[in-house]
Amino acid sequence: MRKTTQYLKSLDRKHVWHPFTQMKEWTSDEILVVEEGRGAWLKDTDGKWYLDGISSLWVTVHGHRCKEIDKAVKKQIGQIAHSTLLGLANIPSILLAKRLIEISPRGLKKVFYSDAGATSVEIALKMAHQYWHLKGENRPWFIKFSDAYHGDTIGSVSVGGIKMFHDIFSDLLFKTYRAPWPHTYWKPRNYSLNQWKNYCLTQLEELLRKKAKTIAGLITEPLIQGASGMATAPAGFLKGVEQLCRKYGVLLIVDEVATGFGRTGKMFACEWEHVRPDLMCVAKGLTGGYLPLAATLATDKIFRAYLGKYSEFKTFFHGHTYTGNPLGCSAALASLNLFKKKRILEKLQKKIQTLQSALLPLKDLSHVGDIRQKGFMVGIELVENKEKQVPFLLEEKMAIKVCRFARTQNVILRPLGNVVVLMPPLGIEKKDILYLANAVRESILKITGN
Ligand SMILES: *Cc1c(COP(=O)(O)O)cnc(C)c1O
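Since this is a predicted model, take the numbers as computed values, not measurements.

A. Structural detail: the overall build of the protein. The helix and strand inventory of the protein stands at 15 helices and 17 strands. Computed over C-alpha atoms, the radius of gyration of the protein comes to 22 Å, within 12% of the 22 Å expected from 2.2 N^0.38 for 450 residues, which places it in the range of a compact globule. For the C-alpha atoms alone, the extent of the protein along its principal axes is close to 65 × 60 × 45 Å. Looking at the protein residue by residue over its 450 residues, the buried ones come to 54%. Intrachain contacts of the protein at a sequence separation of at least 6 include 71% that bridge at least 24 residues. On the protein, roughly 21200 Å² of surface is accessible, and the fraction owed to carbon and sulfur atoms is 56%. Positive and negative side-chain charges of the protein, numbering 65 and 41 respectively, have mean locations separated by a distance of 5 Å.

Structure follows, in structure tokens:
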């Protein structure tokens, strides 16, 4: 029997605790229950369609109900839904590992599966830590960047830097060094971008010079920090970070969870600056946005350190029950095949241009301080005072209100602080890109007044 929308909403209010959500407000807010998806669009239980402006929290790649992925998952269900990688192997996880290595930055040779971005980061941190242990060195520290986000498990939070999310848990976290992130908009006003970049690199080098021997690795989101509000770094910063890691012998862990699989216009953001990490984390777009699957990719150098007789106990003692899930892996394989077959990345370049041009008129709005775009990752920074660069107080919930209003324009958005985030599926059509940009402009105008 088809349950009514009202009934579903009341059950949701009664039983579901939503992530990153003030549940007191949730219970009084209008709830939208998604029932179906098609391409870049979502349908709610009242039959109303909305443009998915955030790719269902940054995961949808080709679109919802992608024919080829649907087919691949159904086919796999006809074979087996789950089988373990502890003591056994399975076909999709083998084939996917091969594909991932083919498309990833050179040097990465091994794939360790898990099921979320946060777990892929936990694994990278533990791999790096044990690597040094196996080498006979004790290196308990990691370097992170200010305002980093790597997920919500305790290890990932330890290397995160978003005050509002992370401060409450500070007693539970392991210690880290924090290096400054060269945010291209929130920078000292008397610094040029280049001076700012060099300042941040110098600070990082200072730290490495003193502490490198105690540091297992440095973890970074490449080119752009997602969750801190689409915080782009100046070109060349990532390369600079890589060079410093090499110079001081510290492992480079790149978190491509948000940026991977075409998001920035290349398969991985690392490619923009020809960076070759020691460990790379992927999740979100890996399965095209279908199923929870993640992977940590490692170099042979790291892998080999773990080899030995059973009795030496050099094993990487880590695993998750659903590691290498065949359904997830088959969805990922189908998604990656599409990238090749449909030349997704080539076609994306024009769409990125379209999005950029469509957003140009927003620059003139008096409360839009900055529009940061890296491929199909966009952050529109709302400010109280544009000339003086004064942010809105978070309590004013400006970006939240803008995203709320966008729903009346049939667009789904979710903000980060004062930043309105646009992350449409790569498969979005041109007319929908224009629709999205226009709806966002209307919403900002309506809420900020001008
Ligand atoms: C979303 C995100 C994560 C966490 O991924 P989950 O699947 O939510 O655990 C980690 N790193 C980055 C850069 C992310 O954007």
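So much for the structure itself; the text now carries on.
B. Here's a closer look at the packing of helix α4 (residues 67-77) against helix α12 (residues 326-341). Running from amino to carboxyl end, α4 crosses α12 at an angle of 150 degrees, the nearest separation of the two axes being 8 Å. As for the relative orientation of α4 and α12, their crossing is right-handed in sense. Counting all contacts with α4, which are made through Glu 68, Ile 69, Ala 72, Val 73, Gln 76 and Ile 77, the residues of α12 involved are Pro 326, Leu 327, Ser 330, Ala 331, Ala 334, Ser 335, Leu 338 and Lys 341. Here the residues of the contact of α4 with α12 sort into nine nonpolar, three polar and two charged.

C. How the structure looks around the sheet that holds strand β16 (residues 411-412). Strand order in the open sheet formed by four strands is β1-β2-β3-β16, with mixed pairing between adjacent strands. Where the open sheet ends on each side, the last strands, each with one partner, are β1 (34-38) and β16. When strand β3 (residues 49-52) meets β16, the two strands line up parallel, connected through two bridges. By the bridge assignment for β16, Asp 52 is matched with Ile 412.

D. Region of the structure containing the side chain of His 62. Looking at where His 62 falls in the secondary structure, it is placed in the loop between α3 (55-58) and α4. For His 62, a relative accessible area of 14% corresponds to the buried category. In this structure the side chain of His 62 is engaged in a polar contact, spanning 3.0 Å, whose partner is the side chain of Ser 335. When residues no more than four places from it in sequence are discounted, the contact partners of His 62 are Ile 69, Ser 335, Leu 338, Phe 339, Ile 344 and Gly 427.

E. Examining the sheet that holds strand β11 (residues 279-282) more closely. The seven strands are arranged β4-β12-β11-β10-β7-β5-β6 in an open sheet whose pairing can be described as mixed. Every other strand in the sheet has two partners, leaving β4 (108-114) and β6 (176-179) as the edge strands with one partner each. Between one strand and the next, the sheet's axes are offset by a mean angle of 20 degrees, whatever the strand orientation. Of the strand pairs in this sheet, strand β5 (residues 141-145) and β6 are connected by four bridges, and their pairing is parallel. The residue bridging Phe 145 from the neighbouring strand is Ala 179, located in β6. Its contacts with the sheet put helix α5 (residues 91-103) on β4 and β12 (294-299), and the angle it makes with β4 is roughly 135 degrees. Lying over the sheet, helix α9 (residues 193-211) contacts β5, β6 and β7 (215-220), oriented at roughly 180 degrees with respect to β5.

F. Representation of the pairing of β11 in the model. Burial along β11 is two-sided: Leu 279 and Cys 281 facing one way and Met 280 and Val 282 facing the other are all buried. The pairing of strand β10 (residues 251-255) with β11 spans three bridges and is classified as parallel. Each bridged residue has a counterpart across the sheet, and for Ile 253 the counterpart in β11 is Leu 279. In this structure, β11 lies alongside β12, joined through four bridges in antiparallel fashion. By the bridge assignment, Leu 279 is partnered in β12 with Ala 298.

G. Highlighting the domain arrangement of the protein. Its domain assignment divides the protein into domain 1 (32-65 + 344-448) and domain 2 (70-341). On a C-alpha basis, the centroid separation for the pair domain 1 and domain 2 is 26 Å. At the interface, 38 residues of domain 1 touch 33 residues of domain 2. Both faces considered, domain 1 and domain 2 share a buried interface measuring about 2900 Å² in area, 61% of it formed by carbon and sulfur atoms. Scanning the region where domain 1 abuts domain 2 turns up one salt bridge. In this structure, the salt-bridge partner of Asp 70 is Arg 65, at a minimum N-O distance of 2.7 Å. Remark: the boundary between domain 1 and domain 2 carries 16 residue pairs in polar contact (both at pLDDT 80 or more). Of all the elements in the fold, those that place two or more residues in the side of domain 1 that touches domain 2 are α3, α13 (344-359), β13 (368-374), β14 (377-385) and β17 (419-422).

Thresholds, definitions, all that
- Residues numbered from 1 in each chain as written.
- Predicted model: local features only at pLDDT ≥ 70, side-chain atom pairs only at ≥ 80, totals over all residues.
- Heavy atoms only, no water.
- Helix = DSSP H or I, 4+ residues; strand = E, 2+ residues; numbered from the N terminus.
- Rg over C-alpha atoms; globule rule 2.2 N^0.38 Å.
- Buried < 20%, exposed > 50% of the residue type's maximum accessible area, 1.4 Å probe, protein only.
- Contact = heavy atoms within 4.5 Å.
- Areas by Shrake-Rupley, 256 points an atom, 1.4 Å probe, with all protein chains shown as cover.
- Lys, Arg positive; Asp, Glu negative; His and termini not counted.
- Charge placed at Lys NZ, Arg CZ, Asp CG, Glu CD.
- Axes fitted to C-alpha atoms, helices over the stretch in contact; angles between N-to-C directions.
- Left-handed = near helix turned anticlockwise from the far one by under 90°.
- Nonpolar A, V, L, I, M, F, W, Y, C, P; charged D, E, K, R; others polar.
- Pairing = 2+ DSSP bridges.
- Polar contact = N/O pair within 3.5 Å; in protein donor to acceptor, adjacent residues only side chain to side chain.
- Domains from an automatic or database assignment.
- Buried area = accessible area lost by both parts, 1.4 Å probe.
- Salt bridge = Lys/Arg side-chain N within 4 Å of Asp/Glu carboxyl O.

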